[in-house]
Amino acid sequence: MVFAIVSVPQSWIVDFAGGGIRPAVGSGNTFDHLKVTEGSVEASSYSENGTMRFFSLDRLSGAVEVTLHVTSEDAAQWKAAHGKAFPLIWTWEQSCTTVARIG
């Protein structure tokens, strides 16, 4: 069941060697299944209950989009518990710049 939706981190580390993306500071969702092209960096993660998360970075503009797809079962449980509909798709948009990695 979905307990809370929190804002996504404001900075990310793209681990080309390890094939994933993770928050630069603190904890949070990590993304694997890394796909890198000249124009984009994309990754995804899937939970056991069916929730899907997607990360997309436009390498030219620096635009980042993080999307969360909640299962319909989780949304129904939320509505039953709270009396209000819960969106099945959440999207956060950010603007990123490349920084040199220290260390």
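All figures in this text were calculated on a predicted structure; none of them were measured in a lab.

**Q** Can you walk me through the sheet that holds strand 3 (residues 32-36) in this structure?
**A** Consider a sheet: its strands pair through backbone hydrogen bonds, and that pairing is either parallel or antiparallel. Ordered in space as 3-4-5-6-7, the five strands form an open sheet in which the pairing is antiparallel. Two strands lie at the open edges of the sheet, namely strand 3 and strand 7 (89-95), each paired on one side alone. Averaged over all pairs of adjacent strands, the angle between strand axes in this sheet comes to 10°, irrespective of strand direction. One ladder, built from seven bridges, connects strand 6 (residues 63-69) with strand 7; its direction is antiparallel. Residue Leu68 lies in a different strand from strand 7, and its bridge partner there is Trp90.

**Q** Can you help me understand the layout of surface pockets in this one?
**A** Remark: the empty space left among the atoms is shown by a probe the size of a water molecule rolled over them. Put simply, the largest pocket is a space of about 620 Å³. Forming the boundary of the largest pocket are 21 residues, of which Trp12, Val14, Thr97, Thr98 and Val99 lie nearest the centre. Of all the elements in the fold, those that place two or more residues in the lining of the largest pocket are strand 1 (12-15) and strand 5 (52-58). Among the elements that make up the lining of the largest pocket, the one with the highest residue count is strand 1 (four residues).

**Q** Can you walk me through the side chain of Ser40 in this structure?
**A** Within the fold, Ser40 resides in strand 4 (residues 40-46). Residue contacts for Ser40: discarding those within four places in its chain leaves Lys35, Leu57 and Arg59.

**Q** Got a minute to help me understand the packing of aromatic side chains in this structure?
**A** When we look at a pair of aromatic rings, we describe it by the centre distance and by the angle of the planes. Applying the stated criterion across every chain yields a total of seven aromatic pairs. Between Phe86 and Trp90, the ring centres sit 5.5 Å apart and the planes meet at 45°, which makes this aromatic pair tilted. Among the aromatic residues, ring-to-ring pairing joins Trp78, Phe86, Trp90 and Trp92 into one connected group.

**Q** Hey, could you run me through the nonpolar core in this one?
**A** In a soluble, globular protein the nonpolar side chains are often hidden away together inside. Among the nonpolar cores identified, the biggest contains 15 residues, and Trp12, Ile21, Phe31, Phe55 and Val66 are the most heavily contacted of them. Residue assignment for this core shows that the elements contributing at least two residues are strand 4, strand 5 and strand 6. Those residues within four positions of Val66 in sequence are excluded, and the remaining contacts are Val8, Trp12, Phe31, Phe54, Phe55, Trp90, Thr91 and Trp92.

Cut-off values and rules
- Residues numbered from 1 in each chain as written.
- Predicted model: local features only at pLDDT ≥ 70, side-chain atom pairs only at ≥ 80, totals over all residues.
- Heavy atoms only, no water.
- Pairing = 2+ DSSP bridges.
- Helix = DSSP H or I, 4+ residues; strand = E, 2+ residues; numbered from the N terminus.
- Axes fitted to C-alpha atoms, helices over the stretch in contact; angles between N-to-C directions.
- 1 Å grid on protein atoms, 1.4 Å probe; cavity = no way out; pocket = protein on both sides within 12 Å on 5 of 7 lines; lining within 4 Å.
- Points joined across faces, edges and corners; volume = space filled by probe spheres on them.
- Contact = heavy atoms within 4.5 Å.
- Phe/Tyr/Trp six-rings, centres within 6.5 Å; stacked < 30°, edge-to-face > 60°.
- Core = buried A, V, L, I, M, F, W, Y, C linked by side-chain atoms within 4.5 Å.
- Buried < 20%, exposed > 50% of the residue type's maximum accessible area, 1.4 Å probe, protein only.

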